[in-house]
Amino acid sequence: MKRITTISLIAVASFVGWFLSCERNMNKEPDDQQPADTVIRVSYIADNSKSVSSSINAASGGSIQAEDKFGVTFELTIPPGALKNNTSITITPLQSFSISGAGGSSCKECTGSEENCCHHGILLEPSGLQLDSSATLTVRFPAGSFPFEGSGLIVYIDSAVNSYSSYPTQTNTAERTLTAQIRHFSGYGTDETNKERTRREIIEKCRKLDSKVGTDEFYLYLYDVDMMHWLDGFTGPGGEEYSDLVALLESLMLQIWSKQVSWILARYSGKATCDAIERLGGADYSLSHYIGWHNGSSFATLRTSIRNTLLTALGQSLEKGRALCQMDSCMAGIELLSCARAAYIGSGFEEPTLIEALNQNLGTCCKGQITISADKTSIRMHPLSRTNLSDCYAVITAVVTGADGKPIENIGVWFGSDYPNTAPDGGTTDAEGKVKTVITGSNAGEFDELGNSECTFVAHAYVGGSEILSEPLTITFKMPTIELKLKYDLSYSQTFNSGYSSLMTISINGNATRLASTYPSNYTCSGGFSRSYNYSASTGTETITGTIHPDFTQYPRCPFDILLASLERILLPEGNYKYTYYIKDLIFYPTDIFLFDIIECHNPGTCMTKRLDNWSSDFILQGFVGGYKFENNGGGEFPELIWSNSVTSETTNLSASLNVQISVNY
């Protein structure tokens with residue numbers, strides 16, 4: 001079966017969307033009523049007991065199937081991306097469905113009470129839903145009951161307005177299926193291929209299209225009529241040819257298009273406007289579809305008249321656009337020249353002088369400029385709390401204007417920076433000539449010892465074919481510091497039967513600060529640490545005392561190393577899906593806090609130097625603390641860092657604690 005080619009259907013569908021984007025004047029719609037005996041009438045009753053619903057994911061698509069009381073199944077397969085949102089789809093089979101009026105109502109393979117056995121249908125909901133791409137509707141008849149001699153049809157039905165419209169349908173007799181592509185949710189049914197009914201359908205559709213000549217709706221109705229050309233070469237169930245119906249369709253369409261072309265020429269000849277160019281270019285594009293029809297030479301004549309007028313309009317638009325540019329009317333000049341250039345390319349003209357002149361004037365039309373600014377020029381790398389994020393990002397705005405100082409819309413803008421791969425996102429200018437984007441610390445470069453980093457950004461755009469650059473904008477990024485306040489206290493005493501007793505106390509206090517970068521290699525420590533130690537033990541004849549060696553009383557270096565700063569990603573409240581990071585977990589090693597020399601003196605005056613960690617086997621000093629979670633200015637106590645080992649004395653008392661206060665500051 002010869003059908004309308006895919007590229008033609010796509011061309012018409014694409015043009016419909018383009019055409020409706022233009023502002024048009026509307027003609028008054030004539031009365032659509034006809035005598036009742038020439039109208040195809042449909043009626044049906046839904047069977048709600050057979051309804052089936054399913055939620056279809058917009059991204060992945062899916063299928064839903066329902067079966068009517070006769071065992072006929074209807075399966076709808078929706079491809080990925082056809083739905084704009086996840087949607088609950090409902091199929092409700094019909095318990096009765098009939099067609100009357102033009103062409104008769106009975107099915108050829110049915111008799112008696114089963115005279116409508118080829119008529120089955122469904123209602124699709126949500127009613128009126130439009131898909132972004134075609135879904136496949138497959139109707140499968142049960143074994144032994146395929147009521148078509150040859151090919152069947154899937155038809156669109158709406159009893160509320162007596163609407164009937166056939167779809168190009170693939171018939172598989174062996175599988176007992178009918179298949180069609182649909183994009184609209186309403187009623188659908190099955191019908192036999194009926195020559196008289198098809199003739200009436202062609203006449204009715206062409207009559208409606210004729211009433212839309214010179215209106216915005218012309219191209220919508222045009223697509224529906226064009227689809228009927230799939231009858232070309234079709235042979236009906238009785239072997240009858242449909243070539244006479246194809247000839248009828250082609251003849252009516254030529255008459256209608258002749259009226260449409262006359263209206264376009266009368267309205268837009270001699271006009272150098274984007275509206276005229278788009279009207280003429282659209283008609284030229286659409287008429288190219290009919291060159292392959294049997295009366296294609298007549299359509300070619302219509303197209304020639306449109307193309308000649310379009311070519312004249314392009315030349316006039318070039319001169320008018322050039323004049324607008326010389327008057328510094330940038331937006332109007334660029335718009336008109338751009339419309340002409342797009343129409344030239346779309347039409348396939350071979351006029352190298354014209355396209356060269358269009359390109360040259362577009363490239364030199366206006367000298368625009370671009371400015372860049374930010375709502376703040378200093379950004380914190382990490383917030384101090386999860387709810388205060390405003391200081392952790394900046395909104396950058398680029399504005400594109402023409403030589404006349406007016407903003408230019410639909411100009412692409414992108415950003416560059418002095419650090420590779422760190423520029424923020426770009427975009428297209430709005431009606432105010434603006435592009436806005438959000439920048440965070442992920443665009444920062446290297447930090448100095450004070451936790452500061454600077455990054456310079458420049459906005460780029462093309463206006464009139466020439467690249468323009470903004471003045472540079474510098475953003476400062478600030479790394480927070482993590483400050484730890486440590487307090488460690490130890491009390492250790494022993495008493496022996498011999499009368500020997502000892503008491504050791506250690507107190508370590510101090511502050512230490514590091515930059516809170518994600519990577520330990522970037523940390524810089526500032527601040528020191530102080531500690532004290534005293535020890536005494538005595539018997540009846542000897543006294544032993546201990547103190548920290550003077551060289552170890554003050555600790556100039558950082559007493560800890562950060563092993564990992566765990567970050568929580570937070571979506572910012574302003575667009576572009578940008579994130580900032582909150583420091584939520586800190587794992588660190590306190591290094592050398594408990595490793596220092598002590599001076600131990602025995603009465604009467606013998607002193608020696610020992611390392612604290614080797615001073616006694618009676619206890620072990622543990623130097624690891626991990627996984628401490630904190631909020632800003634939070635704190636907490638860690639478990640004891642000293643565990644008793646093998647102590648042989650009769651009485652031992654041991655207590656130790658470490659208290660840590662942690663704060664994040666800028």
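As the structure is a prediction and not an experimental result, all values here were calculated from the model. (Residues numbered from 1 in each chain as written. Predicted model: local features only at pLDDT ≥ 70, side-chain atom pairs only at ≥ 80, totals over all residues. Heavy atoms only, no water.)

(A) Here's a closer look at the state of the cysteines. Across all of its chains, the model carries two disulfides by this definition. Linked covalently through their sulfurs, Cys-274 and Cys-339 form a disulfide whose S-S length is 2.2 Å. Between Cys-274 and Cys-339 the sulfur-sulfur dihedral comes to about 100°; the bridge is accordingly right-handed. Remark: Cys-339 occurs in helix α7 (residues 330–347) and Cys-274 occurs in helix α5 (residues 274–287); sequence separation between them is 65 residues. What makes Cys-274 buried here is its relative accessible area of 13%. Disulfide partner of Cys-601: Cys-607, at an S-S distance of 2.1 Å. Disulfide Cys-601-Cys-607: torsion about the S-S bond near 110°, hence right-handed. Judged by its relative accessible area of 45%, Cys-607 is partly exposed. (Disulfide = S-S within 2.5 Å. Helix = DSSP H or I, 4+ residues; strand = E, 2+ residues; numbered from the N terminus. Buried < 20%, exposed > 50% of the residue type's maximum accessible area, 1.4 Å probe, protein only.)

(B) Quick peek at α7. The terminal C-alpha atoms of α7 lie 26 Å apart, and with 18 residues this matches the ideal 26 Å at 1.5 Å per residue to within 8%. In this fold, the buried residues of α7 make contact with α5, α6 (296–326), α8 (352–364) and β19 (452–463). Phi for Gly-348, located one or two positions after α7, is positive at around 75°. (Expected span 1.5 Å × (residues − 1). Contact = heavy atoms within 4.5 Å.)

(C) Molecular detail of the pattern of salt bridges. Evaluated as defined, the whole model comprises 18 salt bridges. Among the salt bridges present, the one from Glu-175 reaches Arg-140, with a minimum N-O distance of 3.6 Å. Here Glu-175, found in the loop between β10 (170–172) and β11 (177–184), pairs with Arg-140, found in strand β7 (residues 130–140); they are 35 residues apart in sequence, far enough to count as distant. Relative accessible area serves as the criterion here: at 35%, Arg-140 is assigned to the partly exposed category. With its nearest N and O atoms 3.9 Å apart, the salt bridge here joins Asp-391 to Arg-380. (Salt bridge = Lys/Arg side-chain N within 4 Å of Asp/Glu carboxyl O.)

(D) Structural view of the packing of helix α2 (residues 195–210) against helix α3 (residues 218–226). Interaxial distance between α2 and α3 falls to 9 Å at its minimum, and their mutual angle equals 165°. Considering their axes alone, α2 and α3 lie roughly antiparallel with respect to each other. The way α2 lies across α3 gives a crossing that is left-handed. From α2, Lys-205, Cys-206, Lys-208 and Leu-209 reach across to α3, where they touch Phe-218, Tyr-221, Leu-222, Asp-224 and Val-225. Of the residues in the contact of α2 with α3, the class split is six nonpolar, no polar and three charged. (Axes fitted to C-alpha atoms, helices over the stretch in contact; angles between N-to-C directions. Parallel < 35°, antiparallel > 145°, perpendicular 65-115°, else oblique. Left-handed = near helix turned anticlockwise from the far one by under 90°. Nonpolar A, V, L, I, M, F, W, Y, C, P; charged D, E, K, R; others polar.)

(E) A look at the sheet that holds strand β18 (residues 434–439). Read across the open sheet, the three strands follow the order β13-β15-β18; overall the sheet is antiparallel. In this open sheet, the two strands that pair with only one neighbour each are β13 (369–374) and β18. On average, adjacent strands in this sheet sit at an angle of 20° to one another, irrespective of strand direction. Bridging between strand β15 (residues 394–401) and β18 involves six bridges; their strand directions are antiparallel. Each bridged residue has a counterpart across the sheet, and for Ala-398 the counterpart in β18 is Val-435. (Pairing = 2+ DSSP bridges.)

(F) Molecular detail of the packing of aromatic side chains. Applying the stated criterion across every chain, the model contains 15 aromatic pairs. Ring geometry for Trp-263 and Tyr-268: centres 6.1 Å apart, planes at 80°, overall edge-to-face. For the residue pair Trp-263 and Tyr-268, the accessibility class agrees, reading buried in each case. Among the aromatic residues, ring-to-ring pairing joins Phe-218, Tyr-219, Trp-257, Tyr-290, Trp-293 and Phe-299 into one connected group. Note that Lys-376 overlies the ring of Tyr-393, its terminal NZ or CZ placed 5.4 Å from the centroid. Cation over ring: Arg-569 sits above Tyr-579, and NZ or CZ is 3.8 Å from the ring centre. (Phe/Tyr/Trp six-rings, centres within 6.5 Å; stacked < 30°, edge-to-face > 60°. Lys NZ or Arg CZ within 6 Å of the ring centre and 35° of its normal.)

(G) Examining the confidence of the model for the chain more closely. For the chain, the average pLDDT comes to 78, and 76% of its residues sit at 70 or higher. By mean pLDDT, helix α1 (residues 6–20) is the weakest element of the chain at 33, and strand β4 (residues 73–78) is the strongest at 95. Here residues 1–36 is a poorly scored stretch, pLDDT under 50, and it has 64 contacts once near neighbours within four places are set aside; other chains count. Here residues 614–647 is modelled with pLDDT under 50, and outside its nearest four sequence neighbours on either side it reaches 97 contacts, counting other chains as well. (pLDDT = per-residue confidence, 0-100.)

(H) The sheet that holds strand β3 (residues 62–67), seen in detail. Ordered by their spatial adjacency, five strands build an open sheet running β3-β4-β7-β11-β10, and the pairing between neighbours is antiparallel. Edge strands, defined here as strands with exactly one partner in the open sheet, are β3 and β10. Direction aside, neighbouring strands of the sheet carry axes that sit 20° apart on average. Note: β4 against β7, five bridges, orientation antiparallel. Residue pairing for β7: Thr-77 is matched across the bridge by Thr-136.

(I) Here's a closer look at the environment of Val-39. The residue Val-39 is located in the loop between α1 and β1 (40–46) in this model. The sequence separation of Val-39 and Asn-162 amounts to 123 residues, and the corresponding C-alpha distance is 8.4 Å.

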